[in-house]
Amino acid sequence: MPGRQLLMTFPVTATSHLLAAYRERGGYETLRRVLTTMKPEQVTKEVAASGILGHGGAAFPAGRKWQVIHLDDGQPHYLCANADEGEPGTFKDRWILENAPHRLVESMVIAGYALQVHNAFVYIRGEFDLPCRRLQAAIDEAYDAGLLGERIMGSEYSMDLVAHRGAGSYVCGEASGLLTSIEGRKGYPRNRPPRLTVRGLFQRPTVVNNVETLSNLSVILAMGGEEFRKIGAPKSPGTQLVSISGHVAKPGVYELEFGYPVKKFIFEDCGGVLGGRGLKCIVPGGISTKVLTGAEIENVTYDHASFAKAGSGLGSGGMIVIAEGTCMVRLLQVMVRFYHHESCGQCTPCRDGMGWMHKLIDGIVEGRGRREDLARMEAIALANDGTTICGMGDACGYAVTGILAKYRDEFEYWIANGRSKFDGRLEVAEAELAHA
Ligand SMILES: Cc1cc2nc3c(=O)[nH]c(=O)nc-3n(C[C@H](O)[C@H](O)[C@H](O)COP(=O)(O)O)c2cc1C
Ligand code: SF4
């Protein structure tokens, strides 16, 4: 296995997601210790000391986010786990929800206690059938066992937890869109400031964290923040659940200790590229991160600093492997189609820009492309950068500029010859992107 395991520490069986199995593995003992021996502020201190970065895409330090919440402000506070997991190529939170839902529930009670939250939510992707059922069953089991609700484990602390099922919109994974959706309105992202930790759900201080970020809390509190910080890479403590798909021999979810060599991961742990083909590039962390060629990942290790140095990011941990011979024009077309479809339409550069981008790339694929279309696409991407309410405008721009910078010749070839250099071949990649 690629390095130390913190979340995937047990064999998955037909019953390993149940409360009894979780308790056999010491489950809820950390919560008991937290509730009986620690003050809420101490819990936040441990999270800050651990240095854990958010696993939802932006890699923001969880401790810093939590420290904005003032426990004595006289207001209700809310906590939301982001289980929307809409980023194409990403399916790692799904592993937690299906196989270790009690780790999330225990961790959320610990987080709720630290932030003095009495109403918490898991915003879960509507299409997730088994994860929804397993999460709800875990919540029900926890209520029955006195691990949720009034006076948890006989303490003074009470917290309710609701699983709120989304309806399949990508922007509802964006933290403010998610809160608007829980409020019962259209899931439009909101302008910031004010930050959500100041004015979030129902205009009250709210912490939104990714499922994996939160699930690490029971681990951090069990071993202590300082010990957790020693695992992984210096600026990326801990591990990452990586979902790997595309043209790879052994797709799936793997837990990687930060700092692990990326090529070793792809070629040894995941069996290399499908059919023994060469590696063309990877989409490192969901389609909102810039592609890296096989040569560019030669000495890259799986951590934020190493990926930033290579010119990309870890995003949401959803790696897509692209084999030699894949058509990057068609790949970008699939990506742009997705963004255009998912734009919520509030911001002109995103709503219209994605539409224009979609038309331009469709035109190229249909043989109507012109050389100046590429410069137009880059100009649209630039116009989106930093000018929209949420990060989706930027994300589409990264996908476009990232692919055009490295595979421009493929676009020029299609424009000049009216056909793909690679027969428009996408194979697995298209199926993966369409499903995500
Ligand atoms: C368009 C868009 C979609 C997003 N989708 C998700 C998602 O599905 N899951 C997630 O955890 N974060 C998603 N994010 C990031 C969230 O806004 C937020 O940064 C994250 O949930 C915070 O948790 P973390 O700090 O633990 O990473 C998305 C962001 C954008 C702009
Ligand atoms: S950037 Fe796009 S998805 Fe985000 S709020 Fe604006 S229009 Fe909606």
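Keep in mind it's a predicted model, so treat the numbers as computed, not measured.

A short note on the sheet that holds strand 7 (residues 239-246)
- Across the sheet, which stays open at both edges, the five strands sit in the order 8-7-13-10-11 with mixed pairing between neighbours. This sheet does not close on itself; its edge strands, each paired only once, are strand 8 (252-257) and strand 11 (292-293).
- In this sheet, strand 11 lies alongside strand 10 (residues 279-283) in antiparallel orientation, the contact comprising two bridges. Bridging from a neighbouring strand, I282 pairs with L292 of strand 11.

Side note on the sheet that holds strand 1 (residues 77-83)
- Pairing is parallel in the open sheet, where four strands are placed in the order 3-2-1-4. Strands at the two margins of the open sheet, each flanked by one partner only, are strand 3 (160-165) and strand 4 (206-210). Across the sheet, the mean angle from the axis of one strand to that of its neighbour is 20°, orientation sign disregarded.
- Note that strand 1 and strand 4 share five bridges and pair parallel. Along strand 4, the bridge assignment pairs C80 with V208.
- Contacts from helix 7 (residues 129-144) reach strand 2 (117-124) and strand 3 within the one sheet, and its direction differs from that of strand 3 by about 165°.

A word on the environment of Y260
- Tracing the chain through its elements places Y260 in strand 9 (residues 260-261).
- When the 22 C-beta atoms within 10 Å are taken as the criterion, Y260 is described as buried.
- Here the alpha-carbon distance between Y260 and D303, two residues 43 residues apart in the chain, equals 7.7 Å.
- Leaving out residues up to four positions away in the same chain, Y260 has contacts with P2, G3, F265, T301 and Y302.

What about the packing of helix 3 (residues 40-50) against helix 6 (residues 101-115)?
- Across the interface, helix 3 lies against helix 6 with an axial gap of 7 Å and an inter-helix angle of 120°. The interaxial crossing formed by helix 3 with helix 6 has left-handed handedness. Between helix 3 and helix 6, the contacting residues are P40, V43 and T44 on the first element and I110, Y113 and A114 on the second.
- Class assignment for the residues of the contact of helix 3 with helix 6 results in five nonpolar, one polar and no charged.

Side note on the pairing of strand 3
- Pairing analysis gives six bridges linking strand 2 to strand 3, with the strands arranged parallel. The residue bridging A120 from the neighbouring strand is L161, located in strand 3.
- What joins strand 2 to strand 3 is helix 7, and the crossover it makes is right-handed.

Observations concerning the site of ligand 2
- In the region of ligand 2, 14 residues are neighbours, and C344, C347, C350, T388 and C390 sit closest.
- Here the shell around ligand 2 is composed, by residue class, of eight nonpolar, five polar and one charged.

Concerning the domain arrangement of the chain
- If you check the domain split of the chain, you get domain 1 (19-230), domain 2 (233-323) and domain 3 (328-435).
- Placing the centre of domain 1 and that of domain 2 at their C-alpha centroids yields a distance of 27 Å.
- Of the residues lining the interface, 19 residues belong to domain 1; the matching set on domain 2 comes to 21 residues.
- Sorting the residues of the side of domain 1 that touches domain 2 by element identifies helix 5 (92-99) and helix 11 (225-229) as the ones contributing at least two each.
- Grouping the constituent residues of the side of domain 1 that touches domain 2 by class yields seven nonpolar, eight polar and four charged.

Considerations on the environment of V68
- Mapped onto the elements of the fold, V68 is located in the loop between helix 4 (62-66) and strand 1.
- The exposure class of V68 is exposed, given the 12 C-beta atoms found within 10 Å.
- Expressed as a C-alpha distance, the spacing of V68 and G246, which sit 178 residues apart in the sequence, is 40 Å.
- Setting aside residues no more than four positions away along its own chain, V68 makes contact with R195, T197 and V198.

Observations regarding the pairing of strand 2
- Most of strand 2 is tucked away, with six of its eight residues classed as buried.
- One ladder, built from seven bridges, connects strand 1 with strand 2; its direction is parallel. Residue N82 lies in a different strand from strand 2, and its bridge partner there is Y123.

Each value, and the rule that gives it
Residues numbered from 1 in each chain as written. Chains lettered and ligands numbered in written order. Predicted model: local features only at pLDDT ≥ 70, side-chain atom pairs only at ≥ 80, totals over all residues. Pairing = 2+ DSSP bridges. Helix = DSSP H or I, 4+ residues; strand = E, 2+ residues; numbered from the N terminus. Axes fitted to C-alpha atoms, helices over the stretch in contact; angles between N-to-C directions. Contact = placed C-beta atoms within 7 Å. Buried ≥ 20, exposed ≤ 12 C-beta atoms within 10 Å, placed from the backbone. Left-handed = near helix turned anticlockwise from the far one by under 90°. Nonpolar A, V, L, I, M, F, W, Y, C, P; charged D, E, K, R; others polar. Right-handed = clockwise from strand over helix to strand, strands pointing away. Near = placed C-beta within 6 Å. Domains from an automatic or database assignment.

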